[in-house]
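For reference, the chains in residue letters:
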Amino acid sequence: MGLPNASGDLSTEVEVDAFRRLFPLRFFEKHLLESIRPDARPLGRARDTTIALGAVASANGSALAKIGSTTMLAAIKMEVMAPSIEIPDEGCIAIDFHMPPICSPIVRPGRPAEAAPVVAKQLSDTILSSGMINLKELSLVSGKAAWMAYLDIYCLDADGALFDAALLAAVAAFSHLEIPVVSLNDDGKIVLSEEQGLSDREPVNKEKRKVNLGSIPFSLTCILHKNYILADPTAEEESIMETSVTVVLDSSSQLVSLYKPGGAVLAYTSAIQDCIALTRQRVKELQKILEEAISGMEVD
Amino acid sequence: MEVDREDGRSQNQLRPLACSRSILHRAHGSASWSQGDTKVLAAVYGPRAGTKKNENPEKACIEVIWKPKTGQIGKLEKEYEMILKRTLQSICILTVNPNTTTSVMIQVVNDDGALLPSAINAACMALVDAGIPMRHLAVAICCCVARSGLVILDPTKLEEQKMKAFAYLVFPNSVHSVLPKGPPSVQGEPIENGIITSFTHGTMSVDDYFYCLERGRAASTKLSDFLRRNLQQQPTNSSKAG
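Model, not experiment: these values are computed from the prediction.

A. Representation of the interface of chain A and chain B. Tallying the contact residues gives 39 residues for chain A and 34 residues for chain B. Counting the surface lost from both chain A and chain B, the interface buries some 3100 Å², and carbon and sulfur atoms represent 55% of this. We note a salt bridge from K75 of chain B to D96 of chain A, for which the minimum N-O separation is 3.5 Å. Summed over the shared surface of chain A and chain B, the result is 14 residue pairs in polar contact (both at pLDDT 80 or more). Contributions of two or more residues to the side of chain A that touches chain B are made by β4 (92-98), α4 (115-129), β13 (244-250), β14 (254-259) and α7 (269-299) of chain A. In terms of residue count, the dominant contributor to the side of chain A that touches chain B is α4 of chain A (7 residues). Across the side of chain A that touches chain B, the residue classes break down as 18 nonpolar, 13 polar and 8 charged. As defined by bridge partners, β14 of chain A adjoins strand β12 (residues 204-205) of chain B across 2 bridges and the pair is classed as antiparallel. The residue bridging Q254 of chain A from the neighbouring strand is S205 of chain B, located in β12 of chain B.

This is the structure in structure tokens:
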């Protein structure tokens, strides 16, 4: 039989699309030899990224992030709750990541995606350990009331690099977040004040304020295949070449996470240094895109 | 720079290791691995016929089920299952038994720090006990970075929680080559320097991470020697599968 022979004979006769489906690895390797990928990107370049803030009007903070075709919608709702007894002056953030069936043909209502709880946990770890949000800022009345921020991220289109897009959407949603005004009513309970200037209620916080963000984490996923490093893979690339490395750096170049979950290709020091260098470049790009999106909102 | 560790170990010292294989009689392969007080039990059933729906039938499939000591299965367990599955997929030779499923069950007996590395070591030994064909072994180690930049190996749970960051690293085992020209190397580095898996938690500088890698590699050589001695002493009973 001899598969290599078969593809050698067919490659001159078969159409490009059929060759792509029948021999995906050979199709990609032919491109990698020319240092390019099927969508004409050079190996180290990420796809076009856009951020739209305020996508969900009813949420306290929201953002829609797109990296290539991968689309993530993040929304934050704030609720007042009693803080825990051990840490009475800190609020809380609950992060959840959903992959509804709309995002990919592999996900069906009865068959949830395997990647969803893993990405949710990764996001939660990254955001909480990066020190972006100081939980003490979310406190209202020490020991009695504090903010609970529910961050929900929905994947609307899963085309590779899910963690990168989800992290970007989460960070953008936090930068858009405005904490609502609340006041203490007669029963000692916190209520949302709709208008200001009610005589018998003293607002706990004077005006809607934005959260102060510490060092913001940005990430880049790279695929290792033989000696090549491909930045920002699409879903097709991820399914063919399975070894991926996700590097999360924050704006002060500290390493928040270096995640390589197994994979046939071993990562040597030089490969890791290359991935970190690519991530540093990407952090600068993403910082610029985020700043443009924020200043675009403020102009409105 | 000396550091005071509660159990009196030096910064590079590992806890006492203990490993026994073939402890479960009905499983095709089993191993119990303990590092200090952390103890994990691994059992391997397989290869069994058929693969799951989304998996490639031209290769063998590995399925991991992680059972915590107490509590319900949540996102943490799912994440550990995925990391373990992908690590084991990269060390097993998947083309030998296509269209089969090998199940690896991990039961946490006690968690006192470095849980995931212990589980990876236990799973690897259980796979050897079951006779699953592998390219090389996976040797897992946990490195913690203190606020001062000091790296300590094999932390206990208290140490893991106090430190600013930790990294779980998995390397292939060290090679004792019988070839006269020495072991093969890739890009000028020996094969055992490559990382199979890396999982970090907490913020550290890039230099701290590379320092962890160095320490991890040195420790993995010691662990590889332990595995080699253990495997040579206790020959596997090969009459279990099927």
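Back to the text.
B. Examining the side chain of E160 of chain B more closely. All names here are of chain B. Relative to the helices and strands, E160 is located in helix α3 (residues 157-162). Buried charged residue E160 carries no salt bridge. Nearest counter-charge: K157, at 4.9 Å. A distance of 2.9 Å separates a polar side-chain atom of E160 from the backbone nitrogen of A114. Not counting residues up to four positions away in its chain, the partners in contact with E160 are G113, A114, C142, C144, P155, F166 and Y168.

C. Highlighting the nonpolar core. Among the nonpolar cores identified, the biggest contains 149 residues, and F97 and M99 of chain A together with I106 of chain B are the most heavily contacted of them. Not counting the four nearest positions on each side in its chain, I106 of chain B is found in contact with V40, L41, A42, V64, I65, W66, K67, L84, A119 and A123 of chain B. In this structure, L32, I223, L230 and M241 of chain A belong to the second largest nonpolar core, which totals 9 residues.

D. Here's a closer look at the confidence of the model for chain A. Residues and elements named next belong to chain A. Averaged over all residues, the pLDDT of chain A equals 87, while 89% of them reach at least 70. Across residues 1-5 the pLDDT falls below 50, and counting only partners more than four positions away or on other chains, this stretch makes 2 contacts in the model. Under a pLDDT of 50 for its full length, residues 195-201 has, in the predicted model, 7 contacts with residues more than four places off or in other chains.

E. Summary view of the sheet that holds strand β1 (residues 17-21) of chain B. Residues and elements named next belong to chain B. If you trace the 5 strands from one edge of the open sheet to the other, you get β1-β2-β3-β5-β4, paired in mixed fashion. Strand pairing shows two members of the sheet lacking a second neighbour, β1 and β4 (61-67), which therefore form its edges. Going across the sheet, the axis of each strand differs from the next one's by a mean of 15 degrees, ignoring polarity. Two strands pair when backbone bridges link them, and β1 and strand β2 (residues 29-35) are joined in this way by 5 bridges, in the antiparallel orientation. In the sheet register, S20 faces β2, and the bridge partner there is S32. Along the sheet, helix α1 (residues 75-91) contacts β4 and β5 (100-110); its crossing angle with β4, the most-contacted strand, is approximately 145 degrees. Strand contacts of helix α2 (residues 115-130): β1, β2, β3 (38-49), β4 and β5, with the helix running at about 150 degrees to β2, the strand carrying the most contacts.

Cut-offs applied
Residues numbered from 1 in each chain as written. Chains lettered and ligands numbered in written order. Predicted model: local features only at pLDDT ≥ 70, side-chain atom pairs only at ≥ 80, totals over all residues. Heavy atoms only, no water. Contact = heavy atoms within 4.5 Å. Buried area = accessible area lost by both parts, 1.4 Å probe. Salt bridge = Lys/Arg side-chain N within 4 Å of Asp/Glu carboxyl O. Polar contact = N/O pair within 3.5 Å; in protein donor to acceptor, adjacent residues only side chain to side chain. Helix = DSSP H or I, 4+ residues; strand = E, 2+ residues; numbered from the N terminus. Nonpolar A, V, L, I, M, F, W, Y, C, P; charged D, E, K, R; others polar. Pairing = 2+ DSSP bridges. Buried < 20%, exposed > 50% of the residue type's maximum accessible area, 1.4 Å probe, protein only. Lys, Arg positive; Asp, Glu negative; His and termini not counted. Core = buried A, V, L, I, M, F, W, Y, C linked by side-chain atoms within 4.5 Å. pLDDT = per-residue confidence, 0-100. Axes fitted to C-alpha atoms, helices over the stretch in contact; angles between N-to-C directions.

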